[in-house]
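Each chain is listed here by its residues.
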Amino acid sequence: MAQQELETRYAQLVCAEIAVFVYGDRVDEALARLGVMADEDRLADMVGGTGLRVADVRAESREVHAHGGLMWVDITVPSHFGCHAFELGADVQCEALDRVAGGLLDRKVVALSARGARAVARVGDQPSCALAQADLEVIAHGLDSVSTRMQRHFDHARALAEYLACCDGLVRVDYPGLVTHPDRSLAERVLRHGFGPAVDFELPGDWGATAGDFIGRCSLNGRDCHAGGPRTRLHARDGWQGSAVRIFAGLDDPLAIADDLDQAMRWFRNPPQP
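Please read these numbers as outputs of a predicted model, since none were measured by experiment.

Asks: What am I meant to see in the sheet that holds strand E8 (residues 172-174) here?
Replies: Two orientations exist for strands paired in a sheet by backbone hydrogen bonds: parallel and antiparallel. In space, the four strands of this open sheet follow the order E8-E9-E11-E10, with antiparallel pairing throughout. Edge strands, defined here as strands with exactly one partner in the open sheet, are E8 and strand E10 (233-236). In this sheet, neighbouring strand axes are inclined to one another by 20° on average, regardless of whether the strands run parallel or antiparallel. Sheet analysis places E10 next to strand E11 (residues 244-248), joined by four bridges and oriented antiparallel. When the sheet's bridge partners are listed, Leu 234 is paired in E11 with Ile 247. Along the sheet, helix H6 (residues 133-165) contacts E8, strand E9 (198-202) and E11; its crossing angle with E9, the most-contacted strand, is approximately 20°.

Asks: Which parts of the structure should I look at to understand the packing of H6 against helix H9 (residues 254-269)?
Replies: Packed helices, taken two at a time, are described by the angle between their axes plus the distance between the axes. Where H6 meets H9, the closest approach of the two axes is 10 Å, and the angle between their N-to-C directions is 30°. On the basis of their axis angle, the class for H6 and H9 is roughly parallel. H9 is crossed by H6, and the crossing has right-handed handedness. Across the interface between the two elements, His 156, Ala 159, Leu 160, Tyr 163 and Leu 164 from H6 touch Pro 254, Ile 257, Ala 258, Leu 261, Asp 262 and Met 265 from H9. Residues of the contact of H6 with H9, tallied by class, amount to nine nonpolar, one polar and one charged.

Asks: How should the sheet that holds strand E7 (residues 109-114) be read in this particular structure?
Replies: One open sheet accounts for five strands, arranged E1-E7-E6-E5-E2; its pairing is mixed. Looking at which strands have only one partner, the edges of the open sheet turn out to be strand E1 (18-23) and strand E2 (42-45). Here the strands of the sheet are splayed against their neighbours by 20° on average, with no regard to which way each runs. Pairing of E1 with E7 involves six bridges; the strand directions are antiparallel. What sits directly across from Val 20, in E7, is Leu 112.

Asks: Explanation requested: the packing of helix H1 (residues 3-13) against H6 in the structure shown.
Replies: Interaxial distance between H1 and H6 falls to 11 Å at its minimum, and their mutual angle equals 30°. For the element pair H1 / H6, the angle class is roughly parallel. For H1 against H6, the interelement crossing comes out left-handed. Across from Gln 3, Leu 6, Arg 9, Tyr 10 and Leu 13 in H1, the residues of H6 making contact are Leu 136, Ile 139, Ala 140, Leu 143 and Asp 144.

Conventions and cut-offs
- Residues numbered from 1 in each chain as written.
- Predicted model: local features only at pLDDT ≥ 70, side-chain atom pairs only at ≥ 80, totals over all residues.
- Heavy atoms only, no water.
- Pairing = 2+ DSSP bridges.
- Helix = DSSP H or I, 4+ residues; strand = E, 2+ residues; numbered from the N terminus.
- Axes fitted to C-alpha atoms, helices over the stretch in contact; angles between N-to-C directions.
- Contact = heavy atoms within 4.5 Å.
- Parallel < 35°, antiparallel > 145°, perpendicular 65-115°, else oblique.
- Left-handed = near helix turned anticlockwise from the far one by under 90°.
- Nonpolar A, V, L, I, M, F, W, Y, C, P; charged D, E, K, R; others polar.

This is how it looks when you write it as structure tokens:
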């Protein structure tokens, strides 16, 4: 498959005028390496950071445009299935394609798509980044099934969030779909098909466990699998010595994942006596 053909297909899918694919581990890293953003531009993470906060792209876009800048939005967590940032005022939509490609990429790929003359010119002026044929093929196959897969990721995340919200002892559980989340109302207006595939929870200090300890105790932590694949994957959000665990829900049985989490929590609440 020709790369330009696939980029055109992706652009049409996300309702953009142009799209380009570049290699990059993360959206912010790829943009910094390309040097594509101007000082007056702004990059917003649609869903992310501590607490999985949801960006108010409409309000941010108005502010950025008033100062002559372009609004760039990283939609990696909800994906283009879960968020249409252009409808919210974005000029450039950015997405790491791990989940789109089902975790099968040999190297991580970021898609940049743009609407509007200035944004199209900025993205279109980037030097060509030729992707390996194998990566193009898994992206192409992934686009055929992404909607069905992403809906399952979203549904499983919601089930895990609701389970965790009922667990005793956790300091907090963050998921935009929970009524306790500070951005719940905003998330209902700007996200589609659900609230994304990610859930955060924070361990209490009296368990004496770090995020790394907890993840190591879970047998279904997905750490031996590529990010974005069908297996649920646990991530130490603030590093292995931190206390926050982020779940990226997979296509596997959320009941099995919940049971695995429950067994780990029981162990740390009541560790076996030496």
